[in-house]
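Understanding the architecture of this molecule
Each chain, letter by letter, is given below.
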Amino acid sequence: MRSKIVQDGQKKKASFIEEARRRQIVEGAISTIASAGLPQASLARIAQDVGVSKGVISYHFAGKDELIQQVVNALFAETNRFIKARVDRAPDAPRRLRAFIEASFEFMAANRANFVALVDIWGSFGSPEAKRRFNADMYDPCRHHLEGILRRGQESGDFRDFSPATLAATVQGAIDGVMLQWVFDEEAIDLDDCAAELVTMFDLATRRRA
């Protein structure tokens, strides 16, 4: 029995170490893509930046395509976790919508490399199917989250009648439109000001008229 417990503990430790190494490689890939661009982010370059051998990356990932997919997954998951945590603390629909917008910009400001890498990856897909899949992975969770906020606001009487799906796409489109401009020209965009303007804009757009 003791031997099995020891073996289970060793397996968990090995799994934890492997997962930590995978996260390190993914984070290194994000940094490399953000600084050098996706075409120059070879496995050898990423390995050099991370401080491991190329063989270590090949042990954890089947190739560059799998690594890039894990990068995309990590970028979306981290962003969504941050925003959801902020939204969940808001007491009502208007403040949840405000929290969604403000958290989106707060996360951007603290994680510029993530968005530079994401935009570079976004522009790299050659086939329409790859682009559709990427856009679905990127937008479906955001729109679903926003739709839920907007529907609950209508049910509570805080929001006027509108299509939650349409307005969710509009809110996310506005956030991403600012993000793209900021990625391409950081000095031209004040994220705090943009967040404040979008909060005001969508507060007015959703408010129930007396």
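Quick caveat: nothing in here was measured; it's all calculated off a predicted structure. (Residues numbered from 1 in each chain as written. Predicted model: local features only at pLDDT ≥ 70, side-chain atom pairs only at ≥ 80, totals over all residues. Heavy atoms only, no water.)

Let us look at the packing of aromatic side chains. All told, the structure shown has four aromatic pairs when counted by the stated rule. Where Phe82 meets Phe107, the ring centres are 5.3 Å apart and the plane angle is 45°; that geometry is what we call tilted. In this pair, Phe82 sits in helix 4 (residues 64-88) while Phe107 sits in helix 5 (residues 93-110), placing the two residues 25 residues apart along the sequence. The class for Phe82 is partly exposed, based on a relative accessible area of 24%. (Phe/Tyr/Trp six-rings, centres within 6.5 Å; stacked < 30°, edge-to-face > 60°. Helix = DSSP H or I, 4+ residues; strand = E, 2+ residues; numbered from the N terminus. Buried < 20%, exposed > 50% of the residue type's maximum accessible area, 1.4 Å probe, protein only.)

Next up on the list: the packing of helix 4 against helix 6 (residues 112-122). One way to put it is that helix 4 packs onto helix 6 with a least axis distance of 11 Å and a crossing angle of 130°. On the basis of the axis angle, helix 4 is oblique to helix 6. As for the relative orientation of helix 4 and helix 6, their crossing is left-handed in sense. The segment helix 4 lies against helix 6, with Ile68, Val71, Val72, Leu75, Phe76, Glu78 and Thr79 engaging Asn114, Phe115, Leu118 and Ile121. Per-class residue counts for the contact of helix 4 with helix 6 are eight nonpolar, two polar and one charged. (Axes fitted to C-alpha atoms, helices over the stretch in contact; angles between N-to-C directions. Parallel < 35°, antiparallel > 145°, perpendicular 65-115°, else oblique. Left-handed = near helix turned anticlockwise from the far one by under 90°. Contact = heavy atoms within 4.5 Å. Nonpolar A, V, L, I, M, F, W, Y, C, P; charged D, E, K, R; others polar.)

Formed by 60 residues in total, the largest nonpolar core has its most connected members in Ile57, Leu67, Ile101 and Phe105. Residue assignment for this core shows that the elements contributing at least two residues are helix 1 (2-36), helix 2 (43-50), helix 4, helix 5, helix 6, helix 7 (128-155), helix 8 (164-184) and helix 9 (191-206). The greatest single-element share of this core, amounting to nine residues, is contributed by helix 5. In contact with Leu67, other than residues within four places in its own chain, are Ile25, Val26, Ala29, Leu43, Ile46, Ile57 and Phe61. (Core = buried A, V, L, I, M, F, W, Y, C linked by side-chain atoms within 4.5 Å.)

According to the stated counting rule, one finds nine salt bridges in the structure shown. The shortest N-O distance in the salt bridge between Lys84 and Asp88 comes to 2.7 Å. Taken together, the residues span about one helical turn, with Lys84 and Asp88 both in helix 4 at a distance of four residues. The exposure class assigned to Lys84 is partly exposed, which follows from its relative accessible area of 45%. (Salt bridge = Lys/Arg side-chain N within 4 Å of Asp/Glu carboxyl O.)

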